[in-house]
Amino acid sequence: MANIKSQIKRIKTNEKARSRNKSVRSSIKSAVRKFRDTVTAGDASAITTELRTASKALDVAVAKGVLHKNAAANKKSSMAKAAAKAGAR
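Residues numbered from 1 in each chain as written. Predicted model: local features only at pLDDT ≥ 70, side-chain atom pairs only at ≥ 80, totals over all residues. Heavy atoms only, no water.

**Student:** Honestly, a positive patch on the surface in this entry has me stumped. Any pointers?
**Tutor:** The grouping of Lys5, Lys9, Lys12, Lys16, Arg20 and Lys64 at the surface amounts to a positive patch. It is helix 1 (residues 5-41) that provides the largest number of residues to the positive patch, a total of 5 residues. Within the secondary structure, lysine 64 sits in helix 2 (residues 44-64). A relative accessible area of 52% means that lysine 64 is categorised as exposed. (Patch = residues over 30% accessible without salt bridge, like charges linked within 9 Å, V, L, I, M, F, W, Y side chains within 5 Å. Areas by Shrake-Rupley, 256 points an atom, 1.4 Å probe, with all protein chains shown as cover. Salt bridge = Lys/Arg side-chain N within 4 Å of Asp/Glu carboxyl O. Lys, Arg positive; Asp, Glu negative; His and termini not counted. Charge placed at Lys NZ, Arg CZ, Asp CG, Glu CD. Helix = DSSP H or I, 4+ residues; strand = E, 2+ residues; numbered from the N terminus. Buried < 20%, exposed > 50% of the residue type's maximum accessible area, 1.4 Å probe, protein only.)

Here's what the structure looks like:
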């Protein structure tokens, strides 16, 4: 454990950020997983809805600094490609 007051504060803030980032990453994974399940099911209107939801979750993660913008763009691109292949849009 740190003895320096500022370092103790940093440990606390880092723990808060870590738990917040973990929560955001978990919600992203859930949204993407839900999208993939919908693509497997094949319902076109549900696919577009889930694509929109997952894309928004990725954008929020980028805004909060959890994901890099290019990583989110790659995920969104591959999801859009899968949606188009499944016949949505």
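Picking up after the structure, the text goes on.
**Student:** Looking at this model, I keep getting lost on helix 3 (residues 69-86). Mind explaining?
**Tutor:** Since one α-helical turn is 3.6 residues long, residues separated by three or four positions face the same way. The first and last C-alpha atoms of helix 3 sit 26 Å apart over 18 residues, in line with the 26 Å expected at 1.5 Å per residue. Buried residues of helix 3: Ala72, Met79 and Ala83, and no others. Down the axis of helix 3, the buried set is contained in an arc of 40°. They therefore lie on one face. Facing away from the buried side of helix 3 by more than 90 degrees, the exposed set consists of Asn74, Lys81, Ala84 and Lys85. Residues of helix 3 that are buried in the fold lie against helix 1 and helix 2. Directly after helix 3, the chain includes glycine 87, whose backbone phi takes a positive value near 100°. (Expected span 1.5 Å × (residues − 1). Arc of directions from axis to C-beta. Contact = heavy atoms within 4.5 Å.)

**Student:** I keep staring at the pattern of salt bridges and nothing clicks. Help me out?
**Tutor:** For side chains bearing opposite charge, pairing can occur when the charged atoms are close. With the rule as written, the count across this model stands at 2 salt bridges. Between aspartate 59 and lysine 76 there is a salt bridge, with its nearest N and O atoms 2.8 Å apart. Placement of aspartate 59 in helix 2 and of lysine 76 in helix 3 is noted, with a sequence separation of 17 residues between them. Since its relative accessible area comes to 27%, lysine 76 is described here as partly exposed.

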